[in-house]
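The chain contents come next:
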Amino acid sequence: MPNTPIKVAVSGAAGQIAYALLFRLAQGDVFGPETPIDLRLLDLPQALPALKGVTMELDDCAFPLLTAIRTTDDPRVAFDDIDAAFLVGSRPRSKGMERRDLLAANAAIFKTQGAALDAVAKRSVKVLVVGNPANTNAWVAIQSAPNLPEGAITSMIRLDHNRAAAQLARKAGVSVDAIDHLAVWGNHSPTMFTDWSHASVSGERLAARIGDDGWYRDTLIPEVARRGTAVLEARGASSAASAANAAIDHMRDWVQGSDGRWVSMGIPATGEYGIPAGLVCGVPAVCRDGRYAPVNSLDLDVFTRAGLAASVQELIGERDAALSIVST
Ligand code: NAD
Ligand code: LMR
């Protein structure tokens, strides 16, 4: 094997999303078929027996690229010298738990994990936060990792982007690949805003091709926003395979490039579009040479600006609720 193994941590490794993610990672779906991979699997102490079963299955796949697997309940061990991390594990909402309590529980987790990344990860590490509330968890981790370069820690809104792309492709009767310049803005929550105002299909405006603004406003936007809940109700469990697939898409494009295409990513805002600088917010971005760049200077119409502003307000509220945890 010619290349040095890439070290990749996955938290929540005994959970549902990780079960759909780890095998594809070990197969080369993110870092490519030439890159050996050394997996660091992090979970809570009580989940380590189940995690042992996952590692047995990974072994039994005999993946040629998988050079090592280490399991641990210690973030500093999991993140030691890593190149990439998928932070999937988080505290789910339990019965009677207020949203504020959920934010606080997760802020404590991501404060610890951000500090561990800051202490031991490679300075070039790429981190994707999947665990909800993903944007604010990422914001907390960033506050606790002041020595990592700006932009090292991102959050996932790609599942929402993929959900919107699939519905648009079906409505327009085109392949998903034909759609570009689609954006999902804001928080990964029901306030997220799907924006087709710049979307194109083979050089033509997608909105003109579909020609049904009512469907966009009254069906597409709310259905994408509620899709997670709809899957949860239908399956009796939250999205796992599609979430893992979106995590793979996000990290693969970040590492390998998006070929000039727009992708939606939760990234620390630069102050563009009225989003307060530093807030982790879904925006359109293009990835090249292992870096992402937000698509700036777009002309947003009044409807889009209002949708984005509502989601940003929610993110500001979440950030302020998490602030007391970060500063103690
Ligand atoms: P799950 O309950 O099956 O697994 C979660 C795992 O995380 C468990 O093994 C648990 O022990 C572990 N965990 C909890 N706290 C931890 C900690 N402090 N350190 C390490 N591990 C920890 O859940 P799942 O279905 O895999 O979902 C994981 C998260 O992803 C949830 O928060 C879910 O809401 C979120 N999610 C996000 C998106 C998105 O688009 N951003 C989409 C789907 C799901
Ligand atoms: C999703 O969008 O499917 C998930 O974020 C839903 C959830 O609450 O886990």
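Residues numbered from 1 in each chain as written. Chains lettered and ligands numbered in written order. Predicted model: local features only at pLDDT ≥ 70, side-chain atom pairs only at ≥ 80, totals over all residues.

Per an unreviewed UniProt entry, the recorded name for the protein is Malate dehydrogenase, and the organism is Brevundimonas goettingensis. Among the UniProt annotations of the protein, the heading Catalytic activity (unreviewed entry) holds the following wording: "(S)-malate + NAD(+) = oxaloacetate + NADH + H(+)". (UniProt positions renumbered as here; feature names shortened; annotations may be inferred.)

**Thoughts on the overall build of the protein**
Looking only at helices and strands, one finds ten helices and 14 strands in the protein. A compact globule built from 328 residues would reach a C-alpha radius of gyration of about 20 Å, and the protein, at 19 Å, matches this within 12%. Taken across its 328 residues, the protein has 45% of its residues classed as buried. (Helix = DSSP H or I, 4+ residues; strand = E, 2+ residues; numbered from the N terminus. Rg over C-alpha atoms; globule rule 2.2 N^0.38 Å. Buried ≥ 20, exposed ≤ 12 C-beta atoms within 10 Å, placed from the backbone.)

**Here we look at the nonpolar core**
Grouped burial of nonpolar side chains is what soluble globular proteins tend to show. Judged by nonpolar contacts, the single largest core of 95 residues is most densely connected at Val10, Ala85, Leu117, Val129, Val130 and Ala247. There are two domains that each give this core at least three residues, and those are domain 1 (6-155) and domain 2 (158-319). Excluding residues within four positions of it along the chain, Val10 makes contact with Ala18, Leu21, Leu22, Leu39, Leu41, Leu42, Phe86 and Val88. (Core = buried A, V, L, I, M, F, W, Y, C linked by C-beta atoms within 7 Å. Domains from an automatic or database assignment. Contact = placed C-beta atoms within 7 Å.)

**Some words on the UniProt feature "domain: Lactate/malate dehydrogenase C-terminal" (unreviewed entry) in the protein**
Following the UniProt record, the feature "domain: Lactate/malate dehydrogenase C-terminal" (unreviewed entry) maps to residues 158-317 here. Secondary structure content for residues 158-317 is 47% helix and 19% strand, while the C-alpha to C-alpha distance between its ends is 22 Å.

**Re the site of ligand 1**
Contacts to ligand 1 come from 28 residues, most closely from Gly12, Gly15, Ile17, Gly89 and Ala243. Counting residues per element, the shell around ligand 1 draws most heavily on helix H1 (residues 16-27), at three residues. Tallied by class, residues from the shell around ligand 1 come to 15 nonpolar, eleven polar and two charged. When residues of the shell around ligand 1 are sorted by domain, at least three fall in each of domain 1 (6-155) and domain 2 (158-319). (Near = placed C-beta within 6 Å. Nonpolar A, V, L, I, M, F, W, Y, C, P; charged D, E, K, R; others polar.)

**Here we look at the site of ligand 2**
Asn132, Leu159, Gly228, Val231, Ser238, Ser239 and Ala243 make up every residue found near ligand 2. Split by residue class, the shell around ligand 2 holds three nonpolar, four polar and no charged.

**Focus on unusual backbone geometry**
In this structure, the amide linkage connecting Asn132 to the following residue, Pro133, adopts the cis form with an omega of -5°. Within the element layout of this structure, Pro133 appears in the loop between strand S5 (126-129) and helix H5 (134-143). The phi torsion at Tyr273 lies on the positive side, around 60°, for a residue other than glycine.

**Examining H5**
The element H5 is extensively covered by neighbouring structure, given that ten of its ten residues are classed as buried. Restricting attention to buried positions, one finds in H5 the residues Ala134, Asn135, Thr136, Asn137, Ala138, Trp139, Val140, Ala141, Ile142 and Gln143.

**Points about the domain arrangement of the protein**
With domains assigned, the protein is organised as domain 1 (6-155) and domain 2 (158-319). On a C-alpha basis, the centroid separation for the pair domain 1 and domain 2 is 23 Å. Each partner contributes to the interface: domain 1 provides 27 residues, whereas domain 2 provides 26 residues. Of all elements in the fold, only H1, strand S4 (84-87), S5, H5 and strand S6 (153-155) reach the threshold of two or more residues within the side of domain 1 that touches domain 2. Ranked by residue count, the leading element in the side of domain 1 that touches domain 2 is H5, at six residues.

**Topic: the UniProt feature "domain: Lactate/malate dehydrogenase N-terminal" (unreviewed entry) in the protein**
Taking the numbering used here, the UniProt-annotated feature "domain: Lactate/malate dehydrogenase N-terminal" (unreviewed entry) corresponds to residues 6-149. This span, residues 6-149, is 42% helix and 19% strand, and a straight line between its end C-alpha atoms measures 19 Å.

**As for the environment of Ala20**
In this structure, Ala20 sits in helix H1. Residues Ala20 and Asn147, spaced 127 residues apart in sequence, show a C-alpha to C-alpha distance of 32 Å. In contact with Ala20, not counting residues within four places along its chain, are Ala240, Ala241 and Ala244.

**Some details on the sheet that holds strand S7 (residues 179-180)**
As summarised here, the arrangement of the three strands in space is S7-S10-S11, forming an open sheet in which the pairing is antiparallel. Single-partner strands in this sheet number two, and they are S7 and strand S11 (204-205). Both S7 and strand S10 (residues 200-201) contribute to a ladder of two bridges, which runs antiparallel. Bridge pairing links Ile179 to Val201 in S10. (Pairing = 2+ DSSP bridges.)

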